[in-house]
Amino acid sequence: MNPFVASLLLGLIAVSAQAADVVLAPTQMQRLGVREALPVEAKSALATPWSARVVASPDAEWVATAPAGGVVVRVTVAEGQQVAAGAILAELRSADLPDMGAALSQARTAAELARGNRERDRTLHAEGLIAERRVRESEAAAAQADAALAAAQSRLRLMGVSAADASAGRVPVRATAAATVLERMALPGQRVNEADPLLRLVDAGKLMLELNLPVAQAASVREGDLIEVDGSALRARVTQTGWGASDATQTVRIRAELPPTKNRLRPGEWVKVRRSATAAAWSVPAGALLHHDGRSWVFMRTAQGFRAVEVQLLSQDSAQATVSGALDAKSPVAVSGVAAIKAVWLGHGGGE
């Protein structure tokens, strides 16, 4: 900045009581080369389109795993198929399962015997025929037998296997909730170990849009902003803006949550989206825009000078910018000399 402009900024320009207002006399604006232009309402303005990929919400995707080691006998569902909660997805045969069924039967028999001994000893003790120590021993033995039975039952229950299935070595794999099958990860005849993945499923009612935006564009996106899907009435709300940028592409990942309703979108699909305008859209010369602290601003004319007004950048080319914000068709904005006004605003009103 030349010495004349610097001295003018330091000595002649005053800042009003409002932090965003810069007071300038007409002669000062002329010397600083400030020119103005009226915003033009852009009734049909569209934001710059972005590409977004439809993905499942973090809590909407899960994997159905093998409850036990064995051989996959059949997979009853296809990719893209919707399944109800409790539906059988696959069936395994396990050589270990009959042993588990036998262990359950043995535990049940041992528990019944221990309970019978406990009741008999309680009766004998009440008649004074045996010592109290004998009763306590039979009660402890019954408690241990009951615990062993509960463990055997829980093991099969967690596997989703009935006693009849266990005896036959059959392991059904069921859907824990209503879902859509994304991927079959095992085929009939394949041998799997316990907890190996069999199918990948997703709750189709919990989807998100994932965008990778250049750093400059991502800086203006805030949590809570609305993103519209082209060709539909769907609007997603931004829930996460990435902190770091990709080394290779210098982009930032943005995620926006879609409403939990049935729609035509599918995970993995690419769609065109645009940012929703939160206020009226205006067309202004590109030179009117300034950027500070990751946000976009223009200086709107007031009776005594200019006021910094935050705007949302919808689209821009070398000549014009379309913005959304609290502008007025009768209040011009500064289109040149903006750097000088910004210096005063930051030095006295805006702060770094």
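Coordinates for the structure precede this section.
In this text the structure is predicted, and so the values were computed from the model without any measurement.

J.: Sorry, what's going on with the overall build of the protein chain here?
T.: Looking only at helices and strands, one finds seven helices and 24 strands in the protein chain. For the protein chain, the proportion of its 352 residues judged to be buried stands at 39%. Across the protein chain, the fraction of contacts at a sequence separation of at least 24, relative to all contacts at a separation of at least 6, is 72%. Total accessible area computed for the protein chain in this model is approximately 18900 Å², and 52% of it derives from carbon and sulfur atoms.

J.: Please clarify how the environment of Arg274 should be interpreted in this entry.
T.: Within the fold, Arg274 resides in strand E18 (residues 270-275). The exposure class of Arg274 is buried, given its relative accessible area of 18%. Residues Arg274 and Val229 lie 45 residues apart in sequence; the distance between their C-alpha atoms is 6.7 Å.

J.: Looking at this structure, how should I read the sheet that holds strand E17 (residues 251-257)?
T.: Within a sheet, each strand pairs with its neighbour through backbone hydrogen bonds, oriented either parallel or antiparallel. One closed barrel holds the six strands; their spatial order is E5-E14-E17-E16-E15-E18, and the pairing between them is antiparallel. Here the average twist between neighbouring strands, direction ignored, is 45°.

J.: Is there a simple way to explain the sheet that holds strand E6 (residues 61-65) in this structure?
T.: What the four strands build is an open sheet, ordered E6-E13-E11-E8; its pairing is antiparallel. Of all strands in the sheet, those bounded by a partner on one side alone are E6 and strand E8 (82-83). Both E8 and strand E11 (residues 179-184) contribute to a ladder of two bridges, which runs antiparallel. Following the sheet pairing, Val83 is matched in E11 by Ala179.

J.: Just to check I follow, could you spell out the packing of aromatic side chains for this structure?
T.: Pairs of aromatic rings are described using the distance from one ring centre to the other and the angle between the two planes. In total, this model carries two aromatic pairs according to the counting rule given. Chaining the aromatic ring pairs together yields one cluster made of Trp297, Phe299 and Trp345. One cation-aromatic arrangement involves Arg301 over Phe306; the distance from NZ or CZ to the ring centre is 5.5 Å.

J.: Even after reading the chapter, I still don't get the pairing of strand E15 (residues 226-229), so can you show me in this structure?
T.: For a regular strand, the rule is simple: side chains alternate between the two faces of the sheet. Where burial is concerned, the two faces of E15 differ: the one with Ile227 and Val229 is buried and the one with Leu226 and Glu228 is not. Looking at chain direction, E15 and strand E16 (residues 235-241) are connected through three bridges and run antiparallel. Within the sheet, the bridge partner assigned to Ile227 lies in E16 and is Ala236. Hairpin connection from E15 to E16: five residues lie between these consecutive antiparallel strands, with Gly231 at a positive phi of about 80°.

J.: So what exactly am I meant to see when it comes to the layout of surface pockets here?
T.: In this approach, a probe sized like a water molecule rolls over the atoms, and the result shows the empty space that is left. In this model, the second largest pocket occupies a volume close to 320 Å³. Together, 18 residues line the second largest pocket, and Ala216, Gln217, Ser220, Leu313 and Gln316 are the ones closest to its centre. Looking at which element gives the most residues to the lining of the second largest pocket, the answer is strand E22 (residues 305-316), with four residues. Considered class by class, the residues forming the lining of the second largest pocket number six nonpolar, nine polar and three charged.

Quick notes on the rules
- Residues numbered from 1 in each chain as written.
- Predicted model: local features only at pLDDT ≥ 70, side-chain atom pairs only at ≥ 80, totals over all residues.
- Heavy atoms only, no water.
- Helix = DSSP H or I, 4+ residues; strand = E, 2+ residues; numbered from the N terminus.
- Buried < 20%, exposed > 50% of the residue type's maximum accessible area, 1.4 Å probe, protein only.
- Contact = heavy atoms within 4.5 Å.
- Areas by Shrake-Rupley, 256 points an atom, 1.4 Å probe, with all protein chains shown as cover.
- Pairing = 2+ DSSP bridges.
- Axes fitted to C-alpha atoms, helices over the stretch in contact; angles between N-to-C directions.
- Phe/Tyr/Trp six-rings, centres within 6.5 Å; stacked < 30°, edge-to-face > 60°.
- Lys NZ or Arg CZ within 6 Å of the ring centre and 35° of its normal.
- 1 Å grid on protein atoms, 1.4 Å probe; cavity = no way out; pocket = protein on both sides within 12 Å on 5 of 7 lines; lining within 4 Å.
- Points joined across faces, edges and corners; volume = space filled by probe spheres on them.
- Nonpolar A, V, L, I, M, F, W, Y, C, P; charged D, E, K, R; others polar.

Limitation: the analysis is restricted to geometry and does not speak to function.
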